[in-house]
Amino acid sequence: MVKAVLFDFDGTLADSSPGIFHTALYTVRALGVDKEYTSEDLRRFVGPPLRQCFVVAFGLDESLLDDAVAIYRKEYEAKGRFMMELYPSMKEVLLSLKNDGLMLAVASFKSEALVYSCLEYLGILDLFDSVHGSSLTEDLTKGDIIKRVLSDLGIESDEAVMVGDTPSDAKGAEDAGTHFVGVSYGFGFRPGEKTGYNMISSTVELEAAVGRINGGIYD
């Protein structure tokens, strides 16, 4: 029986793409890279830990990664984190899940302090029973972060469902032993893509998806 719903942040709770893409491009330009990047390149920037993002999306050389991370974090703190909004009906969905008696949590690759500040900015911090993010050294896997949430909530892994928009979220759920619901409205999974996961295409489908895991409750 699912007792808690865990959310990824970027691409799941909030559309933070304007701030992320602005900051990513600002960073590579500051490092002297003048190559043009496609929307597909930018989409790949969301999901992995920050250092990996610069490799996956931009092919940045290892020698530049420390500087890239420092520049990115400074610019995102100053401007990027304010360029975001909740996905349509998300706050109403969160309130409805709480009304169903479910605990809510966030498990994100964003740094933990940044997750807190973003949730506060969006006016939803008080809805969550646990919030965990990445360490500044990025030595935690998504599975590690999810396990920290489970420990906070005092529940078993099969009593939680992780909701996310990328394969790294699905892998984290698998490693932690939780259920998983994928969303196709974010940055990773595409609408209609055959993933093998339990997928939803809008926020308003989430309550029913959790209900199906719980044997039809909330449907």
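Scope of this entry: the structure provided in the associated data block. Here the structure is a predicted model, which is why all the values come from computation and not from measurement.

**Remarks on the packing of aromatic side chains**
Piece 1. Tallied over the entire structure, the rule returns 14 aromatic pairs.
Piece 2. Here the aromatic rings of F54 and F58 are separated by 6.2 Å at their centres, their planes lie at 45°, and the arrangement is tilted. A residue pair is termed a helical-turn pair when its members lie 3 or 4 positions apart in one helix, as F54 and F58 do in helix α3 (residues 50–58) at 4 residues. Just as F54 is buried, F58 falls in that class too.
Piece 3. Clustering of aromatic rings is evident, with ring pairs tying together Y37, F45, F54, F58, Y72 and Y76.
Piece 4. Between the NZ or CZ atom of K142 and the centre of the ring of F109, over which it lies, the distance is 5.1 Å.

**What about the sheet that holds strand β8 (residues 198–200)?**
Piece 1. Strand order in the open sheet formed by 6 strands is β5-β4-β1-β6-β7-β8, and the pairing between neighbours is parallel. With partners counted over all chains shown, the strands left at the sheet margins are β5 (130–134) and β8, one partner each. Between one strand axis and the next, the sheet turns through 25° on average, direction left out of account.
Piece 2. The pairing of strand β6 (residues 160–164) with strand β7 (residues 179–183) spans 4 bridges and is classified as parallel. Residue pairing in the sheet places M162 in a bridge with F180 of β7.
Piece 3. Helix α7 (residues 142–153) contacts β1 (4–7), β4 (103–111), β5 and β6 of the sheet and is inclined by roughly 145° relative to β4.
Piece 4. In the packing of helix α9 (residues 206–213) onto the sheet, contacts are made with β1, β6, β7 and β8, and the angle to β8 comes to roughly 160°.

**So, the side chain of E75**
Piece 1. With respect to the helices and strands, E75 occurs in helix α4 (residues 65–78).
Piece 2. K79 is the oppositely charged side chain nearest to the buried, salt-bridge-free E75, at an N-O distance of 4.2 Å.
Piece 3. Within the structure, the side chain of E75 is placed 2.8 Å from the side chain of H22, a separation counted as a polar contact.
Piece 4. Each residue touching E75, except ones within four places of it in the same chain, is listed here: H22, T23, Y26 and G80.

**Things to note about the packing of α7 against helix α8 (residues 167–176)**
Helix-helix packing: each pair is described by the crossing angle between the helix axes and the interaxial distance.
Piece 1. Where α7 meets α8, the axes come as close as 7 Å, and the angle between the chain directions of the two elements is 55°. Taken together, the axes of α7 and α8 are oblique relative to one another. With respect to the hand of their crossing, α7 and α8 are arranged in right-handed fashion. Where α7 abuts α8, its residues K142, G143, I146, K147 and L150 lie against S168, D169, G172, A173, D175 and A176.

Cut-off values and rules
Residues numbered from 1 in each chain as written. Predicted model: local features only at pLDDT ≥ 70, side-chain atom pairs only at ≥ 80, totals over all residues. Heavy atoms only, no water. Phe/Tyr/Trp six-rings, centres within 6.5 Å; stacked < 30°, edge-to-face > 60°. Helix = DSSP H or I, 4+ residues; strand = E, 2+ residues; numbered from the N terminus. Buried < 20%, exposed > 50% of the residue type's maximum accessible area, 1.4 Å probe, protein only. Lys NZ or Arg CZ within 6 Å of the ring centre and 35° of its normal. Pairing = 2+ DSSP bridges. Axes fitted to C-alpha atoms, helices over the stretch in contact; angles between N-to-C directions. Contact = heavy atoms within 4.5 Å. Lys, Arg positive; Asp, Glu negative; His and termini not counted. Salt bridge = Lys/Arg side-chain N within 4 Å of Asp/Glu carboxyl O. Polar contact = N/O pair within 3.5 Å; in protein donor to acceptor, adjacent residues only side chain to side chain. Parallel < 35°, antiparallel > 145°, perpendicular 65-115°, else oblique. Left-handed = near helix turned anticlockwise from the far one by under 90°.

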